[in-house]
Amino acid sequence: ASKDTEAEYLSDGITENIINILSQLPKLKVMARSTVFRYKGKDVDPQEVGQLLKVQAILTGWVTHHGELLKIQTELVDVFDGSQIWGEQYNRKFADILTIQEEIAHQISDKLQMKLSGEDKKRLVKRHTENTKAYELYLKGRYCWNKRTRVSLKKAIEFFQKAIDLDPLYASAYAGLADCYIIIGIYSGEEDPHEAFNKAEIAATKALQIEEVAEAHTALGSVRIYQHWDWIGAEKEFQRALELNPDYPTAHQWYGNHLMRMGRFDEGIEQLKRAQQLDPLSLIINQSIGWGYYLSRQYDKAVKQYLKVIDMDESFYFTHVELGLVYLQQKRYEEAIDEIKKSLALIGEKPPIIYSMLGYAYAVANQITEAKTVLNQLLEDSKKIHISPVLFAILYSGLGDIEQGFYWLEKACENRDEYLIRMRVDPVIDTLRTYPRFSELMKQVGLPD
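Residues numbered from 1 in each chain as written. Predicted model: local features only at pLDDT ≥ 70, side-chain atom pairs only at ≥ 80, totals over all residues. Heavy atoms only, no water.

### Examining the sheet that holds strand β3 (residues 84–93)
Phase 1: The three strands are arranged β1-β2-β3 in an open sheet whose pairing can be described as antiparallel. At either margin of the open sheet sits one strand with a lone partner, and together these are β1 (57–66) and β3. Across the sheet, the axes of successive neighbouring strands diverge by a mean angle of 10°, strand direction being ignored.
Phase 2: In the sheet, strand β2 (residues 69–78) pairs with β3 via nine bridges, with the strands oriented antiparallel. Following the sheet pairing, Glu-75 is matched in β3 by Gly-87.
Phase 3: Strands β1 and β2 of the sheet are contacted by helix α1 (residues 8–22), whose axis makes an angle of about 145° with β1. (Pairing = 2+ DSSP bridges. Helix = DSSP H or I, 4+ residues; strand = E, 2+ residues; numbered from the N terminus. Axes fitted to C-alpha atoms, helices over the stretch in contact; angles between N-to-C directions. Contact = heavy atoms within 4.5 Å.)

Written out as structure tokens, the structure is:
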């Protein structure tokens, strides 16, 4: 709740770090970052929020930072009757920031009358760095990473790298680097994804050489899938991440997505719903549940889930694309095209992964001229930027051109394309799925028929 825009990264970072510290306590359930940040900067009623999130207590606070001076005000409120359980004001030097967060975590566990074991007490004071400046740079890196834009990811990489330069044994900073490159590899569309995944693997491996952190295992799980098609190795990484931190929502989410792509739908949705329990207001996790229903052909449930996400935040553009794809399977063609167009309007540009879905929607809706216009534009763009061959396979599949569909799928296989991993179950490729050639391609990817 800081009014100081310069200290926003700091208040965000302190909030996230206290969540991370407290979530290490096995007897304490703590809401995840993206859920609590939905209330950031708003005038909220702690009782109302607490009842909605089904928690016992709400921690609020604000931060101001002037030079070397740091002021933090905190208040712990009982959701049942609105009374203050505990409150404290800290006026310290910035160098004490790590100590302050540990004190807050101790006070909360004490006021909630938790009996801490010796191992629990160690968890509360465990630090990943003793270098305050490196920690500050790490907080700035996470602040930029959470924005998920191309520009902010590049800034995040700079901050994480500077933190590593100051403390070469800072495992969390290496894990942050890996997370950045994972997102770039999956979503950038224009840069070589294999180069990004390779950098992610180097960073995650380095982090684990220093210290076992759940974030690094989670990142490495994604690398195992996207870079190596190592499905068994990926599952081991996700499972190890959850052994280290059973309440890490992203690990549950990415593991759930992994299981869905393998066709293990019940297990996948179970993991995604566990992520949702830990982070109920996360847009991306709620969207992933919709994607799980879509892949498992539960289209009515998928529509209901996507509409819920849109109700949470109508500007979350990728939800409109995925809702459009569900509408296509339900033969609601005009609604499907409208939803994908909404997504393009919200983002203000034509990223290939979304623009190609518009072309596919036109093709399925038998608007062939419009579909070919999109196809020709993407073929022209592919001379200048990286565009996944899978996107062309999907477009040709929608147009009913089987030979061209397989030509691009085979090209994707040769290039170890990042989008091939979802073709085992994605309905957009159903036109090609009945051919024996499709089964052979899936075997190359390492996926069961």
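Once the structure has been displayed, the description carries forward.
### Concerning the packing of aromatic side chains
By convention here, two paired aromatic rings are described through the distance between centres and the angle between planes.
Phase 1: Applying the stated criterion across every chain yields a total of 10 aromatic pairs.
Phase 2: Ring centres of Phe-197 and Tyr-226 lie 5.1 Å apart, and the angle between their planes is 15°; on these two criteria the pair is classed as stacked. Pair noted here: Phe-197 is in helix α9 (residues 193–210) and Tyr-226 is in helix α10 (residues 214–226), with a separation of 29 residues, a long-range link.
Phase 3: Given a relative accessible area of 9%, Tyr-226 falls into the buried group.
Phase 4: In this structure an aromatic cluster arises from ring pairing among Tyr-138, Phe-160 and Tyr-170. (Phe/Tyr/Trp six-rings, centres within 6.5 Å; stacked < 30°, edge-to-face > 60°. Buried < 20%, exposed > 50% of the residue type's maximum accessible area, 1.4 Å probe, protein only.)

### Considerations on unusual backbone geometry
Phase 1: Of note in this structure, Arg-297 is not a glycine but carries a positive phi near 65°.
Phase 2: Summarising the element assignment, Arg-297 is placed in the loop between α14 (283–295) and α15 (299–312).
Phase 3: The residue Lys-331 is not glycine, and still its phi comes out positive at about 65°.
Phase 4: In this structure, Lys-331 sits in the loop between α16 (317–329) and α17 (333–347).

### Digging into the pairing of β1
Remember that side chains alternate between the two faces of the sheet whenever the strand is regular.
Phase 1: As paired strands, β1 and β2 are joined by 10 bridges and run antiparallel to one another. Across the sheet, residue Gly-61 finds its bridge partner in β2, namely Thr-74.
Phase 2: Between β1 and β2, which follow one another and run antiparallel, lie two residues, and Gly-67 among them has a positive phi close to 60°.

### Here we look at the packing of α15 against α16
Phase 1: The contact between α15 and α16 brings their axes to 10 Å, and the two run at 155°. Regarding the angle of α15 to α16, the classification is roughly antiparallel. In this structure, α15 crosses over α16, and the sense of that crossing is left-handed. Of α16, the residues touching α15 (which contributes Tyr-299, Ala-302, Val-303, Tyr-306, Leu-307, Val-309 and Ile-310) are Thr-319, His-320, Glu-322, Leu-323, Val-326, Tyr-327 and Gln-329.
Phase 2: Residues that form the contact of α15 with α16 fall into these classes: 10 nonpolar, three polar and one charged. (Parallel < 35°, antiparallel > 145°, perpendicular 65-115°, else oblique. Left-handed = near helix turned anticlockwise from the far one by under 90°. Nonpolar A, V, L, I, M, F, W, Y, C, P; charged D, E, K, R; others polar.)

### Describing the side chain of Ser-11
Phase 1: Within the secondary structure layout, Ser-11 lies in helix α1.
Phase 2: Polar side-chain contacts of Ser-11 include one of 3.0 Å to the backbone oxygen of Glu-8. (Polar contact = N/O pair within 3.5 Å; in protein donor to acceptor, adjacent residues only side chain to side chain.)

Take it as geometry only, folks, not as evidence of what the structure does.
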